[in-house]
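Chain by chain, the residues:
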Amino acid sequence: MARIGVFICHCGRNIADGVDIPAVMAAARLMPQVVHVADNLYTCSEPGQLMVREAVKQHRLNRVVIGACSPRMHEVTFRRALAAAGLNPYLLEIANLREHISWVHSDNKHLATEKAIEMVRLAAAKAARDEALFPKKMGLTKRALVIGGGIAGIQAALDIANAGHEVVLVERTPSIGGHMSQLDKTFPTLDCSACILTPKMVELAQNPKVKLLTYSEVVGVKGFVGNFEVQIKQRARKVDMAKCNGCGTCWQKCPEKVTSEFDMGQGKRSAIYIPFPQAVPAKPVIDVEHCRYMKYQEFVASGQEGKKPPQCRICEKLCPPQAIDWAQEDQVTTEKFGAIVVATGYKQFDPTVYGEFGYGVYPDVITGLELERLLSPSGPTGGNVVRPSDGEHPKTVVFVSCVGSRDELKGHAYCSKTCCMYMAKHSIMLKEHYPDIQSYIFYIDNRTAGKGYEEFSRRAQEEAGTLYLRGRISKIYPEGKKLIVLGEDSLMGRPVEIAADLVVLAAAMEANTGAVELAQSLKISYDADKFLLQAHVKLRPVETQTDGVFLAGACIGPADIPESVAQGSAAAVKVAALFSSDSLVSDPATAFVDPLKCIGCAACVEVCPFKAPELQVQRDGRQIAVVNEGLCKGCGLCVSVCRPQAANLRGATSQQLLAEVMSLWQ
């Protein structure tokens, strides 16, 4: 027979202000099989947990109901308290009296109290039918995959490797480094970006525990925490990495020049190239789309008639170690991992949707990343900031904030977080390069939340003489060699017209290309803006709802370099903690299928988002569904669609749910 103890938490005043606690306790004492009722100001506190443990022993309780906050907050806390008292931790039910009642019914305490009583009644009825559950042990592959080679991914991979575990880092571009490698300096200290990043890139490449797979991408993920099977596509570089010594002869002599993606369209690169001088690995890749010889091969294979493209093959002829390999093809390999860190970063918002700004129409309207490449000594102009239209030095520069940020109509509702700071940085750097430059910043709100950030913003105003104008831009149009910027100064309450030589748009940070497809492959959630979602923003900021998959950097949302590094290290700690055991313990609250009732209809297979059920042929030739408990998250979708009622859910069986419903009529 069940002996149920009910414990009601005041949660300070969160619950007590909206619910009559004594009335709930009085009603609980009259509920079937309830033998003990108590309350506490903070049940989740150490004294509160001690009260629960002592009550379990003193009153010989074998079921516990906690009336408190969301199970997402403290279910694990109370399960540990039960285990410490010698009770199976799964003989626990939590009635959510905070989020479900007091916070949403603060206008009517009487009705909130009635609802709280019903919630406790439901939990007690279910608890009476609870059964002890026992976790199972699973194998663990102590090898980590890091997806993305930006600063967050680099930091995560380094920390995991330094903890003694093997790491494979997959990067879609030919080199690691991410967007940080495109920057000249970083705020608020104006440190050289390359001076900070390059040593980490080299350290990563030389670490014996790390395997770098650049020019590669993840195309498929199967399995579960501790036992992931990941398909990785390595695109053909057309260069033998083992033979190549990175001498540079090939890309220096290649006659085909195309627009450089790394330089944001501000410069040129050859068809065989490394993205930037400090690239890791410092070995080139052939751009098959623009390579003259590959175009010739494609022309011949298609059987077209007409003038054939030139064959070229200069890189092959001049390569000292004979590393060019035209026969190289894309390869897909499958590797096993115990944990995955997603650090896929961000991409820059395309400002062309703002026709009034003239981006893509007027060459002297550029973005912040494009200005970074002009400022960089390794950039297309060698660090000389010039107008793209005529190569002259600008004297007046206008910055426009929030282009694509805080704008639900044309862009995104969120703040991109870094724009205010990098506009201040750019204005300071321009003043250092050319003392006669005057910078103007049109802003909505100047947001500088970070250590030393506010002081840095003031430095832009006081030392660099940057004029901040609170207001929006209505139109930009050319007049002679100038760009006329029409805006407003809302603090002064008057329109503003500035004749600028260069206009810099602070374009938003948005989710990277392929983020949704990767999230779906990993079975993790994403928001309306396609950024990946954490399991809990405050308490589990780098974890996801899929065990063993962690997040770091700007794939979560706009983030600066310090925040990305911190998240990379945090994700690495989670991986190291996961790998600290020789095996994993699974959550027993999973679905199961009664083999005698299952008819093999596969409805559960089709509906499960985690691909936990799969059809298996039995000895008698019948095909039935079997649940992989390592993949199952206990969502119950399979139970709801199972027509013969063969599927059930441990900890929330059909019998338990029926008992809850029937308790309302008792």
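Scroll up for the structure.
Remember, predicted model here, so these are calculated numbers, not experimental data.

Asker: Quick rundown of the nonpolar core? Include the residues and the values.
Answerer: Ile160, Leu204, Ile272, Ile324, Trp326, Val341 and Val575 are the most contacted members of the largest nonpolar core, which totals 71 residues. Examining the composition of this core, we find that eight residues originate from one element, helix 6 (residues 151–162), more than from any other. For valine 575, the contacting residues outside a window of four places in its chain are Ala144, Ile160, Ala339, Val341 and Phe550. Among the nonpolar cores identified, the runner-up in size contains 45 residues, and Val52, Leu87, Ile101 and Ala112 belong to it.

Asker: Please set out the sheet that holds strand 22 (residues 438–443) residue by residue, giving values where relevant.
Answerer: In spatial order, the strands read 20-27-21-22-23; together these five strands make up an open sheet with parallel pairing. Lying at the two open borders of the sheet, with one neighbouring strand each, are strand 20 (365–367) and strand 23 (467–470). Along the sheet, successive strands turn relative to each other by an average axial angle of 25 degrees, direction set aside. Pairing geometry for strand 22 and strand 23, over four bridges, is parallel. Along strand 23, the bridge assignment pairs isoleucine 441 with tyrosine 468. Along the sheet, helix 11 (residues 368–375) makes contact with strand 20, strand 21 (396–403) and strand 27 (502–507), crossing strand 20 at roughly 90 degrees. Helix-sheet contacts for helix 12 (residues 419–433) involve strand 21, strand 22, strand 23 and strand 27, and the interaxial angle to strand 21 is about 170 degrees.

Asker: Account for the packing of aromatic side chains, naming residues and giving values.
Answerer: Inspection of every chain in the model, using the stated rule, returns eight aromatic pairs. Ring centres of tyrosine 443 and tyrosine 468 lie 5.8 Å apart, and the angle between their planes is 65 degrees; on these two criteria the pair is classed as edge-to-face. Highlighted residues: tyrosine 443 in strand 22 and tyrosine 468 in strand 23, separated in sequence by 25 residues. What makes tyrosine 443 buried here is its relative accessible area of 12%. Members of the aromatic cluster, joined through ring pairs, are Tyr293, Tyr296 and Trp326. One cation-aromatic arrangement involves arginine 269 over tyrosine 273; the distance from NZ or CZ to the ring centre is 3.9 Å.

Asker: An account of the sheet that holds strand 29 (residues 549–551) is needed here, citing residue identities and associated values.
Answerer: The strand order across the open sheet built from five strands is 10-7-6-18-29, with neighbouring strands paired in parallel fashion. The open sheet has two edge strands with one neighbour each: strand 10 (210–213) and strand 29. If you compare each strand with its neighbour and ignore which way they point, the axes differ by 20 degrees on average. Note that strand 6 (residues 143–147) and strand 18 (residues 339–342) share four bridges and pair parallel. Bridge pairing in strand 18 links leucine 145 to isoleucine 340. Where helix 6 meets the sheet, its contacts fall on strand 6, strand 7 (166–170), strand 10 and strand 18, and the angle it forms with strand 7 comes to roughly 165 degrees.

Reading the values: the criteria
Residues numbered from 1 in each chain as written. Predicted model: local features only at pLDDT ≥ 70, side-chain atom pairs only at ≥ 80, totals over all residues. Heavy atoms only, no water. Core = buried A, V, L, I, M, F, W, Y, C linked by side-chain atoms within 4.5 Å. Buried < 20%, exposed > 50% of the residue type's maximum accessible area, 1.4 Å probe, protein only. Helix = DSSP H or I, 4+ residues; strand = E, 2+ residues; numbered from the N terminus. Contact = heavy atoms within 4.5 Å. Pairing = 2+ DSSP bridges. Axes fitted to C-alpha atoms, helices over the stretch in contact; angles between N-to-C directions. Phe/Tyr/Trp six-rings, centres within 6.5 Å; stacked < 30°, edge-to-face > 60°. Lys NZ or Arg CZ within 6 Å of the ring centre and 35° of its normal.

None of the figures reported here should be taken as evidence of function without further support.
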